[in-house]
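Residue-level listing of the chains:
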Amino acid sequence: MKLFGNQKNTKTESQNTKRSKKKRSTRHNSLLYLLSILLISAVLATTGILLGNDLFALAKEDREITITIPEDASVGQVSKLLDKSGVVNYGSFFRLFTSIIYRDVTFRPGMWTLNSNMDYRHIVNEIRLTDRSTQTVTIPEGYTISQIIDTLVENGLSSKDELTSVLQDGEFNYDFLPDDLGNETNRLEGYLFPDTYEFYLSDEADTIINKMLGNFQNKLNDDSEGDSLLELCEAKGMSVSDMVNIASMIEKEAVDPDDMYQVSGVIANRLNHSSEYPYLNIDATIQYAVGHLDLTDEDMKSDSPYNTYTSKGLPPGPICNPGLDAMKAAVSPAEHDYYYYVANADGSAHIYAKTQEEQTANIKKVQAEKNAK
């Protein structure tokens, strides 16, 4: 009997222990459940805030970004492009929004400058196909700011006064631009990338200029064929402004893309041996300053900072807007021992020289050929 009584007590104690553990387990599970609910709520709230900020652009940075939309691009392709370029932070959410709000939207192919502070509706309205009239304009390589203004005005895109005002006083948020732009009309000389553009006839002057600057930024950072121009500049210890400055002279002086690397080599040799060759002696810089091609003796002696016969080193800024070939040549000059060059009689090629004596002889030879015609 005593043994049986002990077994009963033991059983009761065991049951009490199980009930106690079950209660503790239930309380533990309840606490975990509550914490899970709180965590999920916090995650959903944070996600909602982030998505809401991206959708409505409540607190996004002000940054101009130029994208190129391919032909027949789908909503998914455009969403990925916007996400990769930084226009939006959540491409999948943009895709969902666009698919719901703009069911059969069609995007206009081409190059478009957007801003990362635009909300989703603004972005879609900027790049979707509409009935707004457009104008295609080609800006040739080597055009100056003045020539670009004239071209845009001739194509009915803006007035000269509006473009001049933006070029002089507009604010531009691009890392590649010099810190101190000043307020001259030519302060963006060199950075309006020459290309074929499609503008809306209703575009404001600042939209037009930003589109060209955005294109320059894309070309500067394009690494699809290897190191980008920016990476090449950094590897050479060359500033973007110096690269563009040199490229603008190459663009005006060289006769073809291959010749650009040779001209670049002459400029590099003179800059690297400035104690012996303090002056670049480039006619195109004087032509830019005086505004005409046929230089007089007085022009050659002018005290303009753009006169590279009388002012040492690089001119104060670019003398035109160079193309991609000229910029590539500027950062990768040909390696040779030439310090001089002169155009041949018909201007189809350059004759290079290592010394002043050789240069003088080449000039006499060219002049004799011209006189013989």
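Thresholds, definitions, all that
- Residues numbered from 1 in each chain as written.
- Predicted model: local features only at pLDDT ≥ 70, side-chain atom pairs only at ≥ 80, totals over all residues.
- Heavy atoms only, no water.
- Pairing = 2+ DSSP bridges.
- Helix = DSSP H or I, 4+ residues; strand = E, 2+ residues; numbered from the N terminus.
- Salt bridge = Lys/Arg side-chain N within 4 Å of Asp/Glu carboxyl O.
- Patch = residues over 30% accessible without salt bridge, like charges linked within 9 Å, V, L, I, M, F, W, Y side chains within 5 Å.
- Areas by Shrake-Rupley, 256 points an atom, 1.4 Å probe, with all protein chains shown as cover.
- Lys, Arg positive; Asp, Glu negative; His and termini not counted.
- Charge placed at Lys NZ, Arg CZ, Asp CG, Glu CD.
- Buried < 20%, exposed > 50% of the residue type's maximum accessible area, 1.4 Å probe, protein only.
- Phe/Tyr/Trp six-rings, centres within 6.5 Å; stacked < 30°, edge-to-face > 60°.
- Lys NZ or Arg CZ within 6 Å of the ring centre and 35° of its normal.

**Q** Account for the pairing of strand 6 (residues 350-353), with residues named and values stated.
**A** Alignment of strand 5 (residues 340-343) against strand 6, held across four bridges, turns out to be antiparallel. Across the sheet, residue A343 finds its bridge partner in strand 6, namely H350. Joining the antiparallel neighbours strand 5 and strand 6 is a turn of six residues, in which G347 adopts a positive phi near 75°.

**Q** Tell me about the pattern of salt bridges, residues and numbers included.
**A** All told, the structure shown has three salt bridges when counted by the stated rule. K219 is paired through a salt bridge with D195; the nearest N and O atoms lie 3.9 Å apart. Here K219 is found in helix 7 (residues 205-221), whereas its partner D195 is found in the loop between helix 6 (160-169) and strand 4 (196-200), with 24 residues between them in sequence.

**Q** Go over a negative patch on the surface, please, and point to the residues and values.
**A** A cluster of acidic residues, D222, D223, E225, D227, E231 and E234, forms a negative patch on the protein surface. One can find D223 in the loop between helix 7 and helix 8 (229-236).

**Q** Tell me about a nonpolar patch on the surface, residues and numbers included.
**A** Taken together, the side chains of L96, I100 and I101 present a nonpolar region at the surface, about 280 Å² in accessible area. Examined against the element boundaries, I101 turns out to sit in helix 3 (residues 91-101). Residue classification places I101 among the partly exposed positions, given a relative accessible area of 39%.

**Q** Can you tell me about the packing of aromatic side chains, naming the residues and giving the values?
**A** Taken as a whole and assessed by the stated rule, the structure comprises 15 aromatic pairs. For the ring pair Y197 and F199, a centre distance of 5.5 Å and an interplane angle of 15° mean the geometry is stacked. Between Y338 and Y352 the ring centres are 5.6 Å apart and the planes differ by 35°, which places this aromatic pair in the tilted class. Of this pair, Y338 sits in the loop between helix 13 (324-331) and strand 5 while Y352 sits in strand 6; the two residues are 14 residues apart in sequence, bridging distant segments of the chain. With relative accessibility at 26%, the residue Y338 sits in the partly exposed group. Here Y352 falls in the buried class, since its relative accessible area comes to 16%. Taken together through their ring pairs, the aromatic side chains of F93, F94, F97, Y102 and Y120 make up a single cluster. Positioned above the aromatic ring of Y340, the side-chain terminus of R270 is 4.8 Å from the ring centre.

This is a description of form; function is not addressed.
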